[in-house]
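Residues per chain are reported as follows:
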Amino acid sequence: MDSVATLDENFRALLAEFTAGDPMRQGVLWTNLSRREISRRLADMGTPASRHVVRKLLKKHGLGTRKARKKKSMGAHPDRNAQFENIARLKAAYLARGEPVLSIDTKKKELIGNFAREGQTHTQAQVQTLDHDFPSAGQGKLIPHGLYDLARNEGHMHLNTSTESSEFCCDSIAHWWERHGSKHYPDAKRLLLLCDGGGSNASNRHVFKEALQHLAEQLGLEVRVAHYPPYCSKHNPIEHRLFAHVTRACQGVTFHTVEIARQFMAKAKTTTGLKVTAEVLGGVYVKGKKVAADFLANMRIVFDAHLPRWNYRAVPANG
């Protein structure tokens, strides 16, 4: 019994020297020593312990193997809750009337070529990839724009290799409407888009609003946009209802070509019935495009009285 007590005492003494903690939360601790290293140091202190015993000691003292997770918001906007309530109201109203609600975003860009990717996959032989992720050694960068249809539990991935832009974002929506939306929502006069406030659909950029206006004209629909508040993009439904499953379907797969990426993205599915399509959009898009000189004078963007910077509608000429 004395030897057990001595072992526990030495273990706690060892942790005191090699343990870090969270200054904001009492009792949240971690150690940077491996089980093998702890076992060796305990032996040096006169209390040998196998790695199996060390694992039990770690568990006893509440220390487990964990990976840091990006869960902490960087800030809270004063209008955060008001916008969440507004989005909930808009979603309910559109869905109740059988009108389309799309959650949109651009997924993480991927290098095309013989580059390693996170995750594991079953293979008959070892997969060997380049030891450095230099873009110049590949065939470009894949830009996957996604749309998630809330009512139908359907995801659509549109792939391009030029650049992320507002035009690409709106072309992606137009492609969805022509292939799927017009068939599933033949009587729709309106479309609701849920998105974050940055990237190709930035809430503070005129170039997105100009592309949105062209989209409304092209589709003959009123296109309403509701942006999630700053630091709240993880609440956008597409993040966990589509992108998480696309990531899982592609884990460990080397994207040698765009076609390989397309094939694996299209295989994403869930037990709750998620269906995914993936297509390549071959348009060429450019960075730094400016709005037309007369856009602001002729703009048909109608801003809501309530939180107008995050809520507005693009109205077609005959709308």
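Preceding this paragraph is the structure being described.
Residues numbered from 1 in each chain as written. Predicted model: local features only at pLDDT ≥ 70, side-chain atom pairs only at ≥ 80, totals over all residues. Heavy atoms only, no water.

Mind showing me how you'd approach the overall build of the protein chain here?
The helix and strand inventory of the protein chain stands at 9 helices and 11 strands. Across the 319 residues in the protein chain, those meeting the buried criterion constitute 42%. Contacts in the protein chain between residues far apart in sequence, at least 24 positions, make up 72% of those at least 6 positions apart. Accessible surface, the protein chain as shown: approximately 18500 Å² in total, 51% of it carbon and sulfur. (Helix = DSSP H or I, 4+ residues; strand = E, 2+ residues; numbered from the N terminus. Buried < 20%, exposed > 50% of the residue type's maximum accessible area, 1.4 Å probe, protein only. Contact = heavy atoms within 4.5 Å. Areas by Shrake-Rupley, 256 points an atom, 1.4 Å probe, with all protein chains shown as cover.)

Would you mind going over a positive patch on the surface with me for this structure?
Taken together, Arg35, Arg36, Arg51, Arg55, Lys56 and Lys59 make up a surface patch of like positive charges. Elements supplying a minimum of two residues to the positive patch: helix 2 (35-44) and helix 3 (51-60). It is helix 3 that contributes the most residues to the positive patch, 4 residues altogether. Turning to its location among the elements, lysine 59 is positioned in helix 3. Given a relative accessible area of 69%, lysine 59 falls into the exposed group. (Patch = residues over 30% accessible without salt bridge, like charges linked within 9 Å, V, L, I, M, F, W, Y side chains within 5 Å. Salt bridge = Lys/Arg side-chain N within 4 Å of Asp/Glu carboxyl O. Lys, Arg positive; Asp, Glu negative; His and termini not counted. Charge placed at Lys NZ, Arg CZ, Asp CG, Glu CD.)

Quick question: what am I supposed to make of the pattern of salt bridges here?
A side chain with one charge may pair with a side chain of the opposite charge, provided their charged atoms come close. Under the criterion given, the structure shown has 16 salt bridges. In this structure, glutamate 110 and arginine 117 form a salt bridge, with 3.1 Å as the shortest nitrogen-oxygen distance. No difference in accessibility class separates glutamate 110 from arginine 117, as the two residues are buried. Ionic pairing is found between aspartate 304 and arginine 224, a salt bridge with its closest N-O pair at 2.8 Å.

I would appreciate a short explanation of the packing of aromatic side chains in the present structure.
Aromatic ring pairs: the centre-centre distance and the angle between the two ring planes describe each pair. Under the counting rule described, the total for this entry stands at 5 aromatic pairs. Considering the side-chain rings of phenylalanine 84 and tyrosine 228, the 5.8 Å spacing of their centres and the 65° angle between planes classify their relative orientation as edge-to-face. Of this pair, phenylalanine 84 sits in helix 4 (residues 80-96) while tyrosine 228 sits in the loop between strand 8 (222-227) and helix 7 (237-250), and the two are 144 residues apart along the sequence. Judged by its relative accessible area of 4%, tyrosine 228 is buried. Between tryptophan 176 and tyrosine 185, the aromatic rings sit 6.4 Å apart at their centres with planes inclined by 45°, giving tilted as the arrangement. Across this residue pair, the class does not change: tryptophan 176 and tyrosine 185 are buried. Through pairs of rings, three or more aromatic residues link up here, namely Trp176, Trp177 and Tyr185. (Phe/Tyr/Trp six-rings, centres within 6.5 Å; stacked < 30°, edge-to-face > 60°.)

Explain helix 2 to me, please; I cannot follow it from the model alone.
Each α-helix turn comprises 3.6 residues. Residues three or four places apart therefore point the same way. Taken together, the buried positions of helix 2 are Ile38, Ser39 and Leu42. Buried residues of helix 2 fall within an arc of 100° about the axis and therefore sit on the same side. Seen from the buried face of helix 2, the exposed residues on the opposite side, beyond 90 degrees, are Arg36 and Asp44. Glycine 46 sits one or two positions beyond helix 2 and adopts a positive phi of about 90°. (Arc of directions from axis to C-beta.)

Help me out: how do you make sense of unusual backbone geometry in this one?
Excluding glycine, residues mostly have negative phi values, and the peptide bonds linking residues are mostly trans. Unlike most non-glycine residues, tyrosine 231 shows phi in positive territory, near 70°. Note on placement: tyrosine 231 falls in the loop between strand 8 and helix 7.

Please explain helix 8 (residues 258-265) as it appears in this structure.
Taken residue by residue, helix 8 has Val258, Ala261 and Met265 as its buried positions. Each buried residue of helix 8 lies within a common arc of 60° when the element is viewed along its axis, so the set occupies one face. In this structure, the buried side of helix 8 is in contact with strand 5 (141-149), strand 6 (154-160), helix 7 and strand 9 (275-280).

Teacher, can you tell me more about the packing of helix 5 (residues 166-184) against helix 6 (residues 206-219) here?
Between two packed helices, what matters for the description is the angle formed by their axes and the separation of those axes. Viewed as axis vectors pointing N to C, helix 5 and helix 6 meet at an angle of 20°, and their least axial separation amounts to 9 Å. In terms of orientation, helix 5 and helix 6 fall into the roughly parallel class. Of the two elements, helix 5 crosses helix 6, and the hand of that crossing is right-handed. Contacts from Ser166, Glu167, Cys169, Cys170, Ile173, Ala174, Trp177 and Glu178 in helix 5 reach Val207, Phe208, Ala211, Leu212, Leu215, Gln218 and Leu219 in helix 6. (Axes fitted to C-alpha atoms, helices over the stretch in contact; angles between N-to-C directions. Parallel < 35°, antiparallel > 145°, perpendicular 65-115°, else oblique. Left-handed = near helix turned anticlockwise from the far one by under 90°.)

Teacher, can you tell me more about the nonpolar core here?
Generally speaking, nonpolar side chains in soluble globular proteins are found buried as a group. Core analysis: the biggest nonpolar cluster contains 29 residues, and Leu142, Met157, Leu194, Leu242 and Met265 have the highest contact counts within it. Elements supplying a minimum of two residues to this core: helix 4, strand 5, strand 6, strand 7 (190-195), helix 7, helix 8 and strand 9. Among the elements that line this core, the one with the most residues is helix 7, at 5 residues. If we ignore the near neighbours within four places in the chain, the residues touching leucine 142 are Lys109, Glu110, Ile112, Leu159, Asn160, Phe255, Val258, Ala261 and Met265. Counting 26 residues, the second-largest nonpolar core is a separate cluster that includes Trp176, Ala188, Cys195 and Leu215. (Core = buried A, V, L, I, M, F, W, Y, C linked by side-chain atoms within 4.5 Å.)

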